[in-house]
Amino acid sequence: MKIHEKYMSRCIELAKNGLGSTYPNPLVGAVIVYNNAIIGEGWHYKAGQPHAEVNAINSVKDASVLKEATMYVSLEPCSHFGKTPPCADLLIEKGFKKVVIGSTDPNPKVSGKGIKKLIESGCDVVVGILSNACDKLNKRFFTFHTKKRPYIILKWAQTLDGFIAPRPEHRSKKEPVWITTQETRQWVHKTRSEEQAILVGTKTVLEDNPSLTTRDWHGASPVRVIIDRELKVPESASVLDGKVKTIVITEIEKKSTDSIIYEVIDFSMKTSQQICAILHKYNLQSVIVEGGANTLQYFINDNFWDEAHVYIGSTTFGDGILAPKLKGFENKVIQMNNDVLKIYKNKAQ
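Residues numbered from 1 in each chain as written. Predicted model: local features only at pLDDT ≥ 70, side-chain atom pairs only at ≥ 80, totals over all residues. Heavy atoms only, no water.

1. A closer look at the overall build of the protein
Turning to step 1, where the next piece is worked out: Within the protein one finds 10 helices and 16 strands.
Turning to step 2, where the next piece is worked out: Referenced to the eigenvectors of the C-alpha coordinate spread, the extents of the protein come out at roughly 70 × 45 × 35 Å.
Turning to step 3, where the next piece is worked out: The 349 residues of the protein split such that 53% are buried.
Turning to step 4, where the next piece is worked out: Considering only contacts in the protein between residues 6 or more positions apart, those separated by 24 or more positions represent 69%.
Turning to step 5, where the next piece is worked out: For the protein, the distance from the average site of its 46 positive side-chain charges to the average site of its 38 negative ones is 2 Å. (Helix = DSSP H or I, 4+ residues; strand = E, 2+ residues; numbered from the N terminus. Buried < 20%, exposed > 50% of the residue type's maximum accessible area, 1.4 Å probe, protein only. Contact = heavy atoms within 4.5 Å. Lys, Arg positive; Asp, Glu negative; His and termini not counted. Charge placed at Lys NZ, Arg CZ, Asp CG, Glu CD.)

2. A look at the pattern of salt bridges
Turning to step 1, where the next piece is worked out: Summed over the entire model, instances satisfying the criterion amount to 17 salt bridges.
Turning to step 2, where the next piece is worked out: A salt bridge links E194 to K190, with the nearest nitrogen and oxygen atoms 2.6 Å apart. Placement of both E194 and K190 in helix α7 (residues 182-194) is noted, with a separation of 4 residues, approximately one turn of the helix.
Turning to step 3, where the next piece is worked out: According to the relative accessible area criterion, E194 is buried, its value standing at 13%.
Turning to step 4, where the next piece is worked out: Its salt-bridge partner being K232, residue E230 comes within 3.5 Å of it at the nearest N-O pair.
Turning to step 5, where the next piece is worked out: Classification of K232 by relative accessible area gives exposed; the value is 52%.
Turning to step 6, where the next piece is worked out: What emerges from the salt-bridge pattern is a single network uniting R10, E13 and E41. (Salt bridge = Lys/Arg side-chain N within 4 Å of Asp/Glu carboxyl O.)

3. Section: a positive patch on the surface
Turning to step 1, where the next piece is worked out: A contiguous patch of positive charge on the surface is contributed by K16, K136, K332 and K347.
Turning to step 2, where the next piece is worked out: Turning to its location among the elements, K16 is positioned in the loop between α1 (2-15) and β1 (29-34). (Patch = residues over 30% accessible without salt bridge, like charges linked within 9 Å, V, L, I, M, F, W, Y side chains within 5 Å. Areas by Shrake-Rupley, 256 points an atom, 1.4 Å probe, with all protein chains shown as cover.)

4. What to know about the sheet that holds strand β8 (residues 197-201)
Turning to step 1, where the next piece is worked out: Pairing is mixed in the open sheet, where 9 strands are placed in the order β11-β10-β9-β8-β12-β6-β13-β16-β15. In the strand order of this sheet, the two ends are held by β11 (260-264) and β15 (329-336), each with one partner. Within the sheet, the average angular offset between the axes of one strand and its neighbour, ignoring direction, is 20°.
Turning to step 2, where the next piece is worked out: Strand direction decides the pairing type here: strand β9 (residues 223-227) and strand β10 (residues 246-250), joined by 4 bridges, are parallel. By the bridge assignment for β10, V225 is matched with I247. (Pairing = 2+ DSSP bridges. Axes fitted to C-alpha atoms, helices over the stretch in contact; angles between N-to-C directions.)

5. Topic: unusual backbone geometry
Turning to step 1, where the next piece is worked out: Cis geometry marks the peptide bond from Y23 to P24; its omega dihedral reads 5°.
Turning to step 2, where the next piece is worked out: Here P24 lies in the loop between α1 and β1.
Turning to step 3, where the next piece is worked out: G291 connects to G292 through a cis peptide bond whose omega is 5°.
Turning to step 4, where the next piece is worked out: Mapping G292 onto the fold places it in the loop between β12 (286-291) and α10 (293-301).
Turning to step 5, where the next piece is worked out: Positive phi, close to 60°, is recorded for L212, a residue that is not glycine.
Turning to step 6, where the next piece is worked out: Relative to the helices and strands, L212 resides in the loop between α8 (202-208) and β9.

On their own, these measurements won't tell you what the molecule is for.
Spelled out as structure tokens, the structure:
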């Protein structure tokens, strides 16, 4: 079993290379082993392109040994035709006699069908190797398919004395007030490139005029989600510039455009759950909730979040808008030069 774990760990490492670029597909890594040595590796680069198993097979110099090799893959091989043919069929065609799998795919289109197809072909299939780590690898994909909502990451920066922003009367410009260093902000943009959506409330847009794009890191900008109940955000705001797909959550009917979509919800009901249902409708598997304080508190009060990333700068305000109150399990503390990142996991979800 230890040898299986060794090669599955490598699959997980490879799969992580696709973070942020495989949506709506999951992260998958694959390794081919022959005579106790890795002879092929691959991961899924991007939706519509070959899957991890295909890339691993194509990397093998001598295809004649595949019938005697073992395929390791972090997620169950697909069994249906999508943008690419079924990987389970390919493994059968290539003559693999043994396949070792980390997680079972929660997507109803697969969900055990790939494993069943392999077993029925006479293949020796081992399932559940490092399954917890493989599940964690695809926490967004699994949450989307099992809970019918995106994976929710709360994010804010706060001062050493616990404030998220200065009071409005103490601000002279409509632009962000930076609490953390430039290096930490670059890390934040890296995080944005890995998630599918980013959400803020009306007050944040009116006071900061943020663009919510990925400027300091390579990668696609997330879909912008703006809670604008009364449509107070002016058309001149950066979030309505049409450069990135934007969803406006409101109570007022308004015609959508190609880049700006208006979705109406009932603000007398739980807003967080309604918003996440809309994001699920648009196939968004993850969302960063960036603020402001009231918007973040909605999700906290509803206990509707999976992780919270709290960046603590070395500055103090003395007064201002207090950071949200969070009663979560402190999972990890990361020192980031002069700043600190605390990552909380919601064990109740």
